[in-house]
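Remarks on the overall topology
Chain residues, written in single-letter form:
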Amino acid sequence: MAKKVLFISQEITPFVPESYMSKLGRNIPHLIQEAGNEIRAFHPKWGNINERRNQLHEVIRLSGMNIIIDETDHPLLIKVASLPSTKIQVYFIDNEDFFLKRLAACDKDGVEYNDNYERAVFYGRSVIETVKKLRWYPDIIVCEGWISAVTPFLIKTIYKDEPAFATTKIISSLHPLDITKPMPDKFPAFLAFRNVDIEEINSYPLQYKQPTDIQKLSLYFSDAAIIASNEVDPSVVDFAKKQNLPLIAYNESDDYATNAAKLDQLIQQL
């Protein structure tokens, strides 16, 4: 049965340089679309994305919101482009503080940004608010990489009563982390919003300390998981198994069609 599948991605080639993750980000959604599903994708507007070459343009009707995190307003810009050789629309989340002239986890000298966890919260909230404006309600959401790891929590708690996500199932796709700094003490305050306060956030059986804890947060609020690499931290894999989640593993030596078939089967089961 055809489903609406939203990919909340960290890297998609050709918008960013080729890597194992960015090639998965390009090929898996296309193949899931070819299997008969309706696909859209979101991507951070990293500073190394050439807007002219990739034909990005701002969507005025979607831009202009302010995302409030820990009592600070962060303006949201939405840009869009088509994934070449597909019918997939890719929406780019942009903000002067978090993404403009900035790369992914680290700067051009390899120095890790201090606000990556706050950036992840902004990205997740921005995607959700934009999906609501689009009135395109996904059956399945696939969250790829650390930048999307807050999104399952947001959908299952803060936005759980929104019609857009009432029946949505979430799949966390796990990769080796390229963030290494511990979570800041204020991380629960970054998450708190609407009727979900810090006390509730601290009541979950989760830690907010090490980088792998953001993946465990993602898994705790997911309906299934993908082990997308054999280099995912073993403690994270163990956590996924303890949640009794439906679980698939991509084989890095397999072609994209084989791995996409695994994901499509998982999608149809949820």
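First, a word on scope: everything that follows refers to the structure included in this document.

Definitions and cut-offs
- Residues numbered from 1 in each chain as written.
- Predicted model: local features only at pLDDT ≥ 70, side-chain atom pairs only at ≥ 80, totals over all residues.
- Heavy atoms only, no water.
- Helix = DSSP H or I, 4+ residues; strand = E, 2+ residues; numbered from the N terminus.
- Buried < 20%, exposed > 50% of the residue type's maximum accessible area, 1.4 Å probe, protein only.
- Lys, Arg positive; Asp, Glu negative; His and termini not counted.
- Salt bridge = Lys/Arg side-chain N within 4 Å of Asp/Glu carboxyl O.
- Polar contact = N/O pair within 3.5 Å; in protein donor to acceptor, adjacent residues only side chain to side chain.
- Contact = heavy atoms within 4.5 Å.
- Pairing = 2+ DSSP bridges.
- Axes fitted to C-alpha atoms, helices over the stretch in contact; angles between N-to-C directions.
- Phe/Tyr/Trp six-rings, centres within 6.5 Å; stacked < 30°, edge-to-face > 60°.

Attention now goes to the side chain of Arg26. Position of Arg26 among the secondary structure elements: in helix α1 (residues 20-34). The charged side chain of Arg26 is buried without a salt bridge, its nearest counter-charge being Glu18 at 8.6 Å. A polar contact of 3.5 Å, which involves the side chain of Arg26, links it to the side chain of His30. Sequence-distant contacts of Arg26, that is, excluding residues within four places in its chain, are made with Ile12, Thr13, Leu83, Pro84, Ser85 and Thr86.

Note on sheets: strands pair through backbone hydrogen bonds, and any given pair is parallel or antiparallel. Taken together, nine strands build an open sheet; the order of strands is β3-β6-β7-β2-β1-β8-β9-β10-β11 and the sheet is mixed. The open sheet terminates on both sides in strands that have one partner only, identified here as β3 (57-58) and β11 (247-249). As paired strands, strand β8 (residues 140-144) and strand β9 (residues 169-174) are joined by five bridges and run parallel to one another. Opposite Val142, over in β9, you have Ile171 as the bridge partner. Where α1 meets the sheet, it contacts β1 (4-8), β2 (38-44) and β8, and its direction lies at approximately 175° from that of β1.

We now examine the packing of aromatic side chains. Two aromatic rings are characterised by how far apart their centres lie and by the angle between their planes. Summed over the entire model, instances satisfying the criterion amount to 12 aromatic pairs. Look at Phe98 and Phe122: their rings are 5.1 Å apart centre to centre, the planes differ by 50°, and that puts the pair in the tilted class. Linking Phe98 in the loop between β7 (89-94) and α2 (116-134) with Phe122 in helix α2, this pair joins segments that are 24 residues apart in sequence. Summarising the burial analysis for this pair, Phe98 and Phe122 share the class buried. Relative to Phe122, the ring of Phe99 lies with its centre 6.2 Å away and its plane at 45°, an arrangement referred to as tilted. With a gap of 23 residues between them, Phe99 in the loop between β7 and α2 and Phe122 in helix α2 connect regions that are remote in the sequence.

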